[in-house]
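Listed below, chain by chain, are the residues.
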Amino acid sequence: MKIRFRLLMLLLFFGLSAPVFSAELSSAYVVNHSPYFFKLLGGWHITEGNKIFEDKGIIGNTLPEYRNYLLVLTVGFNHDLSEAEAVYEYFDNNFVKQGECYFQFHTRDYVWEPSFRESRCTGPVRLRTEHLGGGGDMDRYIYILY
């Protein structure tokens, strides 16, 4: 009986405390290993969540041997949910537009539902995505451009 009571107490503790240890932020980062520079078109559109930080600058090249992240957006949750999207145009050294990249992320932290959804690039740039964090850590959505 004592063992069952202790197990019940542990289950109740972890069941009630899990949301308390859950992170309430999502952030989008970009690593640019392509020969192009990227310019934000219009800004980030937040459909769920509260914008905490947004960088409207230009994303330049990152040396391939380094994994330098450029933080472009941090969103706080609304009811444990955040969702954001943006379009970046990219240009060559002669300022000729080469294509666009569409970045989107969605997370529902307590249910653990991270997703890049429809993120993609047109033109010669390839896009790879990584998701780090979650649970008790901040969700980090990383867009790697080649």
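Look up a bit, the structure's there.
The rules behind these values
- Residues numbered from 1 in each chain as written.
- Predicted model: local features only at pLDDT ≥ 70, side-chain atom pairs only at ≥ 80, totals over all residues.
- Heavy atoms only, no water.
- Salt bridge = Lys/Arg side-chain N within 4 Å of Asp/Glu carboxyl O.
- Buried < 20%, exposed > 50% of the residue type's maximum accessible area, 1.4 Å probe, protein only.
- Pairing = 2+ DSSP bridges.
- Helix = DSSP H or I, 4+ residues; strand = E, 2+ residues; numbered from the N terminus.
- Phe/Tyr/Trp six-rings, centres within 6.5 Å; stacked < 30°, edge-to-face > 60°.

Undergrad: Hey, could you run me through the pattern of salt bridges in this one?
TA: Oppositely charged side chains are able to pair whenever their charged atoms sit close together. The final tally for this structure, using the stated rule, is 5 salt bridges. One salt bridge in this structure joins Lys51 and Glu54, with 2.7 Å as the shortest N-O distance. Look at Lys51 and you get partly exposed, because its relative accessible area is 45%. Overall, Glu54 belongs to the buried group, its relative accessible area being 17%. Here Glu100 makes a salt bridge to Lys97, at a shortest N to O gap of 2.9 Å. Given a relative accessible area of 40%, Lys97 falls into the partly exposed group. Because the salt bridges share partners, they merge into one network encompassing Glu89, Lys97 and Glu100.

Undergrad: Mind showing me how you'd approach the sheet that holds strand 4 (residues 58-59) here?
TA: Working definition: the strands of a sheet are paired by backbone hydrogen bonds and lie parallel or antiparallel to each other. The strand order across the open sheet built from 5 strands is 4-2-6-7-8, with neighbouring strands paired in antiparallel fashion. For this open sheet the edge positions go to strand 4 and strand 8 (120-121), each flanked by a neighbour on one side alone. Here strand 6 (residues 81-91) pairs with strand 7 (residues 97-108) via 11 bridges, running antiparallel. Residue pairing across strands places Val87 opposite Tyr102, the latter belonging to strand 7.

Undergrad: How should the packing of aromatic side chains be read in this particular structure?
TA: Each aromatic ring pair is specified by the distance between its two centres and by the angle formed by the two planes. This structure, assessed with the given rule, holds 11 aromatic pairs. Each ring, one from Phe38 and one from Tyr90, has its centre 5.0 Å from the other, and the planes form 35°; the classification is tilted. With a gap of 52 residues between them, Phe38 in strand 2 (residues 37-48) and Tyr90 in strand 6 connect regions that are remote in the sequence. When its relative accessible area of 0% is taken as the criterion, Phe38 is described as buried. Overall, Tyr90 belongs to the buried group, its relative accessible area being 0%. Pairing Phe116 with Tyr141 gives two aromatic rings, centres 5.2 Å apart and planes at 80°, and the pair type is edge-to-face. Taken together, the residues span a long stretch of sequence, with Phe116 in the loop between strand 7 and strand 8 and Tyr141 in strand 10 (residues 137-145) at a distance of 25 residues. The exposure classification of Phe116 matches that of Tyr141, with both residues buried. Counting every residue linked through ring pairs, the aromatic cluster contains Trp44, Tyr88, Phe103, Phe105, Phe116, Tyr141 and Tyr143.

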